[in-house]
Amino acid sequence: MPNNNDNKPSTPRRRFNIWWLLIIFFGVIILMISIVTIKHLIDSGRTLESKDILFYQKVLVRANASDTDNIYIKSITHDPYTNTISTILSAPTNVWNELNGKTLGSIIDVREFAFMTNASSQTISSMKLLDFKDTYPNIFTDGLSGTVAGTLNVVGVPTVSLWDKIKSVITTLIPIMISILILYAIFAAYSRTGMMGEGGMLSKKSLAQRVYTDKKFKDIAGNEEVKEEVWELVDYLKNPKKYSGAGARIPKGILLGGPPGTGKTLIAKATAGEANVPFFFISASNFVEMFVGLGAKRVRDMFEEARQNAPAIIFIDELDAVGRSRGAGIGGGNDEREQTLNQLLVEMDGIKENSGILIMAATNRTDVLDPALLRPGRFDRIINVSLPDIKEREEILKLHAKGKRIDPNVKFNLIARRTPGFSGAQLENVINEATLLSVRENTKLITLAQIDEAIDRVMAGPAKKSRTISEKENIAVAYHEAGHAVVGIKIAGGNKVQKITIIPRGQAGGYNLMLPEEEKYNRSKVELMAMITSFMGGRVAEAIIYGKDNVSTGASDDIAKATRIARKMVTEWGMSNLGPIKYEEDTDTPFLGRDYMKNASFSSQTAQEIDIEVRKIILAAELKAHKIITENQDLLELIKDALIINETITAEEIDYIAKYKKLPERISKDKTELKKEIPKVDFETLFNEVAGQKVVSEDKYKDDLKKQEKELEEKSKSKTTKKSDDNKGNSSTN
């Protein structure tokens, strides 16, 4: 599509230069100095006529001659700073001329005549020039009015020089100029990206960045269906006649949703690399501002720029920042974000035509987006970018392993099987962590052990080998992890144990990697009960060995996972005696604006029944785990011994122990060596042996478990009886 604005002459934006500011400043300084100088010269132009001491004495004599004439001294000012006496004589002009030895003038012209006499303080004192009381008593008396009209000022005021006045002006203006320069620097810095700069409040420039990338779809492993959907749009932009001939129109928008790290932004980059059209990228957070209306303005500017470059693609990342449902805010609904969303809706499908513009967006929370944003005409296609399956994980691992020295013994299909639920970003991190470990250990190739350690790092964090753990706590952790392993081995449909370690990782004192035998998207009640039983295996093992009151806090994560599954079985999946009724929504991804102050859809009595059903499921799992572990206590002891000796055991070693009921040869040799190194008493305590024979621990949890089962049955029966009585009462009333 041609650009109609290509031929318009571009008008360069004038920028305010700092040199103009400096010129104005120095101009103001020069002007102020000129004004001060002129004023000073005018004031100094009033300089008094200089006369000697004799003339001064002559004036005193003449003013004192009569107390009835109009000749008198108006003021005498002594300035000790300049050693001068300033005198103002009020007399007719002819008298002044007479004193100066000039021609007599008109007698009626009375004026004030000023003159200055230089005299030091010593001269004034010796000649009594200011002593008028006895010598010249009438000099200040106006004879016509008969009043004393003159004054004597014996303390002078120092005068300010021209240089002092100029310095005063400069010192006043310089701080003002510095403040102006600081404000200008702040304004200029903000202008580049702020109110006046590109994309700022007063700028017409959009914040959307035009992206140029060499990323292609071939550089993305997995997500074949997603790539196929997006490639169709790229092909449309390249060959529009191919589709217009069939009467097809380009979809106006594509929304990529899914968990974090699945490659949504990566697909957008590949789209930019494949399409030969302008690709504009912007984050939805760029629309969110404290100034009302600024976000809506940025939306308009972005679409205006895209229209000028059509056909074009706009990619908005993290759309939920502005696309959340309207009216879901706590408080006023007419906030800045909603105004921005309204403008986005109008621009995507409003009165103004958007032909040639494709909008792509990505978000992790499609469930919170406004329904008006998701309708056809705005986002015609909503594509779910899900976590990769086992085949896709293998492809992703191979893609990121290119260019790296991998040991030939590494089988990526086995690594893919070990990483269910991993996103593409996590798989990339696994390969990178393994590469870093290879460099740290100075190995020429990336080994399977390093990749295995990298997987553990990504899942649970680095191993804390330096943490000091007592021998008693170490044995308890070994029993806990061995309990998980025994239940996982013996229960059908449970998670298979792949690796066990008692080395602390992250917040966990031990680590048990349990994976499903096959990847499934749906699970039955039997399989879910098996998973809960596997989670409870560690706590039950501790209770059997140490008793209920000595169970540690190490099972907190296991309990949380088991409770979450059990509650969903009751409230969401209908796998309890309460029937197939959905009592609660999925709370894994809450939305405050939607879920805040939401009323429960069931009564308090039903809530109590839900709690009872959840307890039943957890207790049933505990009973099952207890039965499995007590029946296989010899296996529990062997796995515990292997963990104490080796700290970490793999699936192969676990399978060997389960099959042959003995330790593998390598671990058995280590046990024999350990027996030689430590005292016999310590060895027998560590491995729970007497004279080389295993001592089966007494079951310290059996009675407590039966007691819990009995209490729950009685509570459930009383609840059922009460409900039956209530129903009978209602029937009789009717």
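Residues numbered from 1 in each chain as written. Predicted model: local features only at pLDDT ≥ 70, side-chain atom pairs only at ≥ 80, totals over all residues. Heavy atoms only, no water.

Asks: Can you break down the overall build of the protein residue by residue, with the values?
Replies: A tally of regular secondary structure across the protein gives 26 helices and 18 strands. Here the protein, with 734 residues, has 42% of them falling under the buried criterion. Relative to all contacts within the protein whose residues are 6 or more apart in sequence, the contacts with residues 24 or more apart total 73%. Here the protein has roughly 41,100 Å² of accessible surface; of this, 54% comes from carbon and sulfur atoms. (Helix = DSSP H or I, 4+ residues; strand = E, 2+ residues; numbered from the N terminus. Buried < 20%, exposed > 50% of the residue type's maximum accessible area, 1.4 Å probe, protein only. Contact = heavy atoms within 4.5 Å. Areas by Shrake-Rupley, 256 points an atom, 1.4 Å probe, with all protein chains shown as cover.)

Asks: Give me helix α17 (residues 471-490): which residues, what numbers.
Replies: Between its terminal C-alpha atoms α17 stretches 28 Å, which fits the 28 Å expected from 20 residues at 1.5 Å a residue. Most of α17 is tucked away: 14 of the 20 residues are buried. (Expected span 1.5 Å × (residues − 1).)

Asks: Explain the pattern of salt bridges to me, and be specific about the residues and the numbers.
Replies: Oppositely charged side chains can pair when the atoms bearing their charge come close. Using the criterion set out here, one finds 29 salt bridges in the structure. When the shortest N-O distance is used, the salt bridge between Asp 456 and Lys 499 registers 2.1 Å. Of this pair, Asp 456 sits in helix α16 (residues 448-460) while Lys 499 sits in strand β14 (residues 496-501), and the two are 43 residues apart along the sequence. Classification of Asp 456 by relative accessible area gives buried; the value is 0%. Ionic contacts of the salt-bridge type, sharing partners, join the residues Arg 418, Asp 452, Asp 456 and Lys 499 into one network. (Salt bridge = Lys/Arg side-chain N within 4 Å of Asp/Glu carboxyl O.)

Asks: So what about the side chain of Lys 51? Which residues, and what values?
Replies: Relative to the helices and strands, Lys 51 is located in strand β1 (residues 49-51). Residue classification places Lys 51 among the buried residues on the basis of a relative accessible area of 16%. For Lys 51, the side chain forms a polar contact with the side chain of Glu 49, separated by 2.9 Å. (Polar contact = N/O pair within 3.5 Å; in protein donor to acceptor, adjacent residues only side chain to side chain.)

Asks: Break down the nonpolar core for me, citing the residues and quoting the values.
Replies: Counting residues in each nonpolar core, the largest one holds 44 residues, and the members touching the most others are Ile 500, Ile 629, Leu 636, Ile 639 and Ile 649. Listed by contribution, the elements that provide at least two residues to this core are α17, β14, α18 (525-546), α21 (604-631), α22 (633-646), α23 (651-660), α25 (680-687) and α26 (702-733). Setting aside residues no more than four positions away along its own chain, Leu 636 makes contact with Tyr 479, Ala 482, Gly 483, Val 486, Ala 541, Ile 545 and Ile 629. Counting 26 residues, the second largest nonpolar core, distinct from the first, contains Val 234, Tyr 236, Met 360 and Ala 362. (Core = buried A, V, L, I, M, F, W, Y, C linked by side-chain atoms within 4.5 Å.)

Asks: Hey, could you go over a nonpolar patch on the surface for me, with residue numbers and the actual values?
Replies: On the surface, Ile 24, Val 28, Leu 31, Met 32 and Ile 35 cluster together to form a nonpolar patch covering roughly 430 Å² of accessible area. With respect to the element layout, Ile 35 can be found in helix α1 (residues 18-45). Take Ile 35: its relative accessible area is 46%, and that puts it in the partly exposed class. (Patch = residues over 30% accessible without salt bridge, like charges linked within 9 Å, V, L, I, M, F, W, Y side chains within 5 Å.)

Asks: Pulling in residues and values, what's your account of the pairing of strand β12 (residues 357-363)?
Replies: Counting buried positions along β12 gives seven out of seven residues, so the element sits mostly inside the fold. The side-chain alternation of β12 yields two buried faces, one formed by Ile 357, Ile 359, Ala 361 and Thr 363 and the other by Leu 358, Met 360 and Ala 362. By the bridge criterion, five bridges tie strand β9 (residues 253-257) to β12 in an arrangement that is parallel. Paired with Gly 253 across the bridge in β12 is Ile 359. Here strand β11 (residues 312-317) pairs with β12 via six bridges, running parallel. Residue Ile 313 lies in a different strand from β12, and its bridge partner there is Leu 358. (Pairing = 2+ DSSP bridges.)

Asks: Requested: an account of the sheet that holds strand β15 (residues 511-515), with residues and values cited.
Replies: The strand order β15-β14-β16 describes an open sheet built from three strands, whose pairing is antiparallel. What marks the edges here is a single partner per strand, and that holds for β15 and β16 (648-650). In this sheet, neighbouring strand axes are inclined to one another by 20° on average, regardless of whether the strands run parallel or antiparallel. Inspection of the sheet shows β14 paired to β16 by three bridges, in the antiparallel sense. Bridge pairing in β16 links Ile 500 to Ile 649. (Axes fitted to C-alpha atoms, helices over the stretch in contact; angles between N-to-C directions.)

Asks: Describe in detail the packing of aromatic side chains, supporting the description with residues and values.
Replies: Overall, the coordinates contain eleven aromatic pairs when judged by the stated rule. Pairing Tyr 479 with Tyr 546 gives two aromatic rings, centres 6.1 Å apart and planes at 85°, and the pair type is edge-to-face. You can see Tyr 479 sitting in helix α17 and its partner Tyr 546 sitting in helix α18, a full 67 residues away along the chain. Overall, Tyr 479 belongs to the buried group, its relative accessible area being 4%. Ring plane angle 45° and centroid distance 4.8 Å describe the contact between Phe 683 and Phe 687, whose orientation is recorded as tilted. One end of the pair, Phe 683, and the other, Phe 687, are both in helix α25, four residues apart, so they sit about a helical turn from each other. In this structure Phe 687 comes out as buried when scored by relative accessible area, which is 0%. Clustering of aromatic rings is evident, with ring pairs tying together Phe 55, Trp 96, Phe 113 and Phe 115. For the cation-ring pair, Lys 51 lies above Phe 55, with the distance from its terminal atom to the ring centre recorded as 4.8 Å. When the ring centre of Phe 687 is taken as reference, the NZ or CZ atom of Lys 671 above it lies at 5.0 Å. (Phe/Tyr/Trp six-rings, centres within 6.5 Å; stacked < 30°, edge-to-face > 60°. Lys NZ or Arg CZ within 6 Å of the ring centre and 35° of its normal.)

Asks: Talk me through the sheet that holds strand β3 (residues 84-92); I want residue IDs and the actual numbers.
Replies: Judged by pairing direction, the sheet is mixed, and its five strands sit side by side in the order β1-β4-β3-β2-β7 without closing on themselves. Here the strands that pair on one side only, and so sit at the sheet edges, are β1 and β7 (151-153). For this sheet, the mean angle separating the axes of adjacent strands, direction not counted, is 25°. As judged from the seven bridges shared by strand β2 (residues 72-79) and β3, these two strands associate in the antiparallel manner. Counterpart to Tyr 72 in the pairing with β3 is Ser 90.

Asks: Which residues make up the layout of surface pockets, and what are the values?
Replies: Volume-wise, the second largest pocket comes out at about 960 Å³. In terms of residue count, α16 provides more of the lining of the second largest pocket than any other element does, nine residues in total. (1 Å grid on protein atoms, 1.4 Å probe; cavity = no way out; pocket = protein on both sides within 12 Å on 5 of 7 lines; lining within 4 Å. Points joined across faces, edges and corners; volume = space filled by probe spheres on them.)

Asks: Tell me about the confidence of the model for the protein, residues and numbers included.
Replies: With 84% of its residues at a pLDDT of 70 or more, the protein has an overall mean of 80. When the criterion is pLDDT under 50, residues 194-199 qualifies, and its contacts beyond four places in sequence or with other chains add up to 26 contacts. (pLDDT = per-residue confidence, 0-100.)

Asks: Explain α23 to me, and be specific about the residues and the numbers.
Replies: Along an α-helix, a turn takes 3.6 residues, which lines up residues three or four apart on a common side. Residues Ala 651, Glu 653, Ile 654, Ile 657 and Ala 658 constitute the buried set of α23. Each buried residue of α23 lies within a common arc of 165° when the element is viewed along its axis, so the set occupies one face. Every exposed residue of α23 that faces more than 90 degrees away from the buried side is listed here: Glu 652 and Lys 659. Structurally, α23 contributes buried residues whose contacts are with α17, β14, α22, β16 and α24 (665-677). Looking one or two places after α23, you find Lys 661, whose phi comes out positive at around 55°. (Arc of directions from axis to C-beta.)

Asks: Outline the packing of α17 against α18, listing residues and values.
Replies: Running from amino to carboxyl end, α17 crosses α18 at an angle of 135°, the nearest separation of the two axes being 7 Å. Taken together, the axis directions place α17 and α18 in an arrangement best described as oblique. Here α17 and α18 pass one another in a crossing that is right-handed. On α18, the residues that touch Lys 472, Ile 475, Ala 476, Tyr 479, His 480, Gly 483, His 484, Val 487 and Gly 488 of α17 are Thr 533, Ser 534, Phe 535, Gly 537, Gly 538, Arg 539, Ala 541, Glu 542, Ile 545 and Tyr 546. Partitioned by chemical class, the residues of the contact of α17 with α18 number eight nonpolar, eight polar and three charged. (Parallel < 35°, antiparallel > 145°, perpendicular 65-115°, else oblique. Left-handed = near helix turned anticlockwise from the far one by under 90°. Nonpolar A, V, L, I, M, F, W, Y, C, P; charged D, E, K, R; others polar.)

Asks: For the side chain of Ser 325, give the residues involved together with the corresponding values.
Replies: With respect to the secondary-structure elements, Ser 325 resides in the loop between α10 (320-323) and α11 (336-348). On the basis of relative accessible area, Ser 325 is assigned to the buried category, the value being 19%. A distance of 3.4 Å separates a polar atom in the side chain of Ser 325 from the backbone oxygen of Leu 369.

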